[in-house]
Amino acid sequence: MGYKSGESIARLISKLTNTFILLPLSIITKTISQENSFKDPLGKFSKTKFVQSLKNAGLSEEKYLSMLKTEVNLKQISTPFEANDHYNEKIIKKIIDWQNEIRTVNYDVFELIDKNNIQKPSETIIKDFFERNKNKYKIPQTRKVQFIEIKPSDFQKNVKITEEQLKDKYNTDKSNYIIEEKREILQITTQNENDAKKFISALKNNKDFEEVGKKLFKLSKNDINLGLLKKDDLLSTDSDKLFSAKLNEIIGPLKSDFGYKVFKIKKIIPKTEKKYLEVKKEIKDKLIYDLSVETLFEKLDTIEDMIAEGSNIIEISSSNIFDQKLPLKKIDKISKNGMIYSFNEKEKFSNLPSVFLKEIWKTDINDTSEIFNSKKDTYVLLNVLEENPENIPPYEKINKLVYDDWLEDEIIIKSKENAEKLMLNKNFKFTNNVSIKRNSKKLNKIEDAYLINRIFDIKGNDISYINSKNKVFVIKVLKSRIDNYEFKKDLYDQINLSFSKSYFNDFANYYINHLSSKHNLKRNYEELEKLLKSSE
């Protein structure tokens, strides 16, 4: 039997107010009373429903109160930020000024020096470089996996196609090999029949349909030329007449709901039909592929049975269900975001689809995944061999990689030093002078957005040396100004909205996370979801 709504909620509130940080009583009451899973058929709070809902979700009363505390407090903290959607016009104007900044610069470009001109360093220098840049070589949590890809091509050798099958397929799909007749059609429309007749008369003296249309009706070529059309593209009232007419024939005037129309057939592309021998190979390839896909799905069922019987991925890859043994592919170190790490070369992106990465990280260690579709008609079975915690490999394992990084840095350092020496020459004069806007994509003919951004990061008028696209750019900012622009309300509103969203996502979330950490307001999404599902 349910308790009275007021009594039960009051008891809960008593517990909550002893633990919450400045939480209004009205907020607590509203949150509990509006929870549908705690209501009886009459819509009143029910102690029985409350206890049962928590029991179904595997939650104690204390744990629920803790979760409620977290959610309500986070809501209270974030509300001021969510509501703050308007900023001072001066702030927005500063942003627009920043977007419209123009800088006038002198610059020169120097090639990087050849790596062969770099003196080979001692082991001590490389080890010191490693120690100073250790975090650069940190490898996040990774997994080692092996997998096989199962594709239609794995079964094509055993697919046999007869001549009869090919001809049957051709006849079935014959419409696909027919290209309908197309006609380029010119048209003018006028509300007056006499004007249409005058137009046709004028064509006798000047056969250029488009020129006469421009002269009499002030129509452009785009207004007159309907383009290449199939018969079905036209109105049924016009199609038969226009597709039975001869090349360059004038048709009309034809009366319609829109006025009187006059047409000319400017070009005819006849109907064509690809013969069987022309498309035989195309049909055969398509049939082989389709039948291979059918075989693939049959074999997937067989593979599922083999997994159920205890076969491992190596046994499956070499089984006789395939035309030949499938290659067993391996990735030694792949992270959750799809980066592949190595001791000998820089990390690279795997380009694996998200479903592939998901399967790698949801499959247990030393276990085999379910068969999954990674891309069109390609299925994958993978085995997770091991998991590696986040670590910085010892120098001995990555010394080649460290040396390559040192050499890359040293080339840039020495190249900049050479450029600096040239700058000290009293006779040196910059070769190039240009004014660029912040949103420019090029520095004269050099397309380099990164370089433009770096130029606008320069503070003061000192000479700066920027490395970009295997070159050293020597830049001196001469002056900076704001381009002329009109401050429009729609632009203000647009930037204001964008700035508001950015502000909430960045600053507000940081602030909320800081308070959440300080007051232990960590959401438990799994248990919240469990509670919601149990009450459905």
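No experiment lies behind these values; they were computed from the predicted model shown.

Trainee: Looking at this structure, I do not really get the overall build of the protein. What am I missing?
Mentor: From N to C terminus, the protein includes 18 helices and 18 strands. Residues counted as buried form 36% of the 536 residues belonging to the protein. Roughly 34200 Å² of accessible area belongs to the protein as shown, and the carbon and sulfur atoms make up 49% of that amount.

Trainee: Quick question: what am I supposed to make of the sheet that holds strand β5 (residues 225-229) here?
Mentor: The strands that make up a sheet are held in pairs by hydrogen bonds between backbone atoms, and each pair lies either parallel or antiparallel. With antiparallel pairing, four strands are arranged side by side in an open sheet as β5-β4-β7-β6. If you trace the sheet from one side to the other, it starts and ends with β5 and β6 (250-256), each paired once. Neighbour-to-neighbour, the strand axes of this sheet turn through a mean angle of 30 degrees, independent of strand direction. Looking at chain direction, β6 and strand β7 (residues 259-269) are connected through five bridges and run antiparallel. Looking at the pairing, I251 lines up with F263 of β7. Packing against the sheet, helix α8 (residues 193-205) makes contact with β4 (182-190), β6 and β7, and its axis sits at approximately 175 degrees to β6.

Trainee: Is there a simple way to think about the environment of K267 in this case?
Mentor: Relative to the helices and strands, K267 resides in strand β7. On the basis of relative accessibility, which here comes to 40%, the residue K267 falls in the partly exposed class. The spatial distance from the C-alpha of K267 to the C-alpha of L247 is 6.4 Å, given a sequence separation of 20 residues. Excluding residues that lie within four positions of it along the chain, K267 makes contacts with K182, R183, E184 and L247.

Trainee: In this structure, what is going on with the pairing of strand β2 (residues 142-150)? I would like to understand it.
Mentor: On any regular strand, side chains alternate: one points to one face of the sheet, the next to the other face. Counting buried positions along β2 gives eight out of nine residues, so the element sits mostly inside the fold. Summarising the sheet, β2 and strand β9 (residues 329-335) pair through five bridges and their orientation is antiparallel. Paired with Q146 across the two strands is K330, which belongs to β9. Inspection of the sheet shows β2 paired to strand β13 (residues 378-388) by nine bridges, in the antiparallel sense. Bridge pairing links R143 to E387 in β13.

Trainee: Hey, could you run me through the packing of aromatic side chains in this one?
Mentor: Ring pairs (aromatic) are described by centroid distance and by the angle formed between their planes. The final tally for this structure, using the stated rule, is 12 aromatic pairs. For the ring pair F130 and Y395, a centre distance of 5.7 Å and an interplane angle of 55 degrees mean the geometry is tilted. Of this pair, F130 sits in helix α6 (residues 123-132) while Y395 is found in helix α15 (residues 395-423), placing the two residues 265 residues apart along the sequence. Between Y170 and Y276 the ring centres are 5.7 Å apart and the planes differ by 70 degrees, which places this aromatic pair in the edge-to-face class. With Y170 in helix α7 (residues 163-172) and Y276 in helix α12 (residues 276-308), this residue pair connects regions lying 106 residues apart in the sequence. Classification of Y170 as buried rests on a relative accessible area of 7%. Grouping aromatic residues by their ring pairs yields a cluster made of F130, Y137 and Y395. Here K333 stacks its cationic end above the ring of F343, 4.1 Å away from the centre of that ring.

Trainee: What exactly am I supposed to notice about the nonpolar core here?
Mentor: Across soluble globular proteins, nonpolar side chains have a tendency to be buried as a group. I148, I150, L300, I303, I316, F322 and L381 are the most contacted members of the largest nonpolar core, which totals 15 residues. For this core, the secondary-structure elements that each account for two or more residues are β2, α12, α13 (313-317) and β13. Here this core takes four residues from α12, the largest share from any one element. Discounting chain neighbours no more than four positions away, the residues touching I150 are F155, L296, L300, I303, F322, L326, D377, T378 and Y379.

Trainee: Sorry if this is basic, but what is going on with a negative patch on the surface here?
Mentor: Together, E294, E298, D301, E304, D305, E309 and E370 line one region of the surface with negative charge. Of note, D305 is situated in helix α12. Take D305: its relative accessible area is 46%, and that puts it in the partly exposed class.

Trainee: Help me out: how do you make sense of unusual backbone geometry in this one?
Mentor: Trans peptide bonds make up most of the peptide bonds, and negative phi angles are found at most residues other than glycine. Between G252 and the following residue, P253, the backbone shows a cis peptide bond with an omega angle of 0 degrees. Although it is not a glycine, N248 sits at a positive phi angle of roughly 70 degrees. Tracing the backbone shows N248 in the loop between α11 (236-244) and β6. With relative accessibility at 45%, the residue N248 sits in the partly exposed group.

Trainee: I keep staring at helix α9 (residues 209-217) and nothing clicks. Help me out?
Mentor: In an α-helix, one turn spans 3.6 residues, which is why side chains three or four residues apart end up on the same side. Along α9, the positions that sit buried rather than exposed are F209, E210, V212 and G213. The buried side chains of α9 occupy one side of the element, clustering within an arc of 160 degrees when seen end-on. In this structure, α9 carries K214 and K215 as exposed residues pointing more than 90 degrees from its buried face. For α9, the secondary structure elements touched by its buried residues are β4, α8, α10 (221-224), β5, β6 and β7. N-capping of α9 is provided by D208, with a side-chain oxygen placed 3.2 Å from the backbone N of E210. Phi for K218, located one or two positions after α9, is positive at around 55 degrees.

Trainee: Help me understand the pattern of salt bridges in this model?
Mentor: Side chains carrying opposite charge are able to pair once their charged atoms draw close together. This structure, assessed with the given rule, holds 28 salt bridges. A salt bridge links E101 to R438; the shortest N-O distance between them is 2.6 Å. One end of the pair, E101, is in strand β1 (residues 101-111); the other, R438, is in the loop between β14 (432-437) and β15 (442-443), and 337 residues separate them in sequence. Of the two residues examined, E101 and R438, each falls in the buried class. Salt bridges linked by common partners bring K136, K346, D405 and E408 together as one network.

Trainee: Honestly, the sheet that holds strand β17 (residues 464-468) in this entry has me stumped. Any pointers?
Mentor: One open sheet holds the four strands; their spatial order is β14-β1-β18-β17, and the pairing between them is antiparallel. Sheet topology places β14 and β17 at the edges, where each strand pairs with a single neighbour. On average, adjacent strands in this sheet sit at an angle of 40 degrees to one another, irrespective of strand direction. Two strands pair when backbone bridges link them, and β17 and strand β18 (residues 471-482) are joined in this way by five bridges, in the antiparallel orientation. The residue of β18 that forms the bridge with S468 is K471. Against the sheet, α15 touches β1, β17 and β18, its axis set at about 140 degrees to β17.

Rules and cut-offs
- The residue numbers shown here count from 1 along each chain, following its written sequence.
- Side-chain atom pairs in this predicted model are given and counted only at pLDDT of 80 or more, local residue features only at pLDDT of at least 70, and totals for whole chains, interfaces and linings cover all residues.
- Excluded from the side-chain calculation are hydrogens and water; included are all heavy atoms of the structure.
- Here a strand is any run of E in DSSP of at least two residues, a helix any run of H or I of at least four, and the numbering for each starts at the N terminus.
- Buried residues are those whose accessible area, probed at 1.4 Å on protein chains only, stays under 20% of the maximum for their type, while exposed residues exceed 50% and partly exposed ones sit between those limits.
- Areas reported as accessible are Shrake-Rupley estimates using a 1.4 Å probe. Residue values count occlusion only from the protein chains shown.
- Any two strands between which DSSP finds at least two bridges are classified as paired.
- Helix axes are fitted only over the stretch in contact, all axes being lines through C-alpha atoms; the angle between N-to-C directions runs from 0 to 180 degrees.
- In what follows, residue pairs with any heavy atoms lying within 4.5 Å of each other are defined as contacts.
- A pair of aromatic rings is counted whenever rings of Phe, Tyr or Trp (Trp by its six-membered ring) have centres within 6.5 Å, and the orientation is called stacked for planes under 30 degrees apart, edge-to-face for over 60 and tilted otherwise.
- Two conditions define a charge located above a ring, namely a distance within 6 Å from the ring centre to NZ of Lys or CZ of Arg, and an angle within 35 degrees of the ring normal.
- By nonpolar core is meant a set of buried Ala, Val, Leu, Ile, Met, Phe, Trp, Tyr and Cys residues that side-chain atoms within 4.5 Å join together.
- Patch criteria: residues need more than 30% relative accessible area and no salt bridge. Like-charged residues are merged within 9 Å; nonpolar side chains of Val, Leu, Ile, Met, Phe, Trp and Tyr are merged within 5 Å.
- A carboxyl oxygen of Asp or Glu within 4 Å of a side-chain nitrogen of Lys or Arg is what we treat as a salt bridge.
- Neither His nor the chain ends is counted toward charge; the positive residues are Lys and Arg and the negative residues Asp and Glu.
- By convention, charge coordinates are those of NZ in Lys, CZ in Arg, CG in Asp, or CD in Glu.
- Think of it as the arc spanned by the lines of direction from the helix axis to the C-beta atoms.
- By the criterion applied in these results, polar contacts are pairs of N or O atoms within 3.5 Å in which, for protein atoms, one can donate a hydrogen and the other can accept it, and in which residues neighboring in sequence qualify only through two side-chain atoms.

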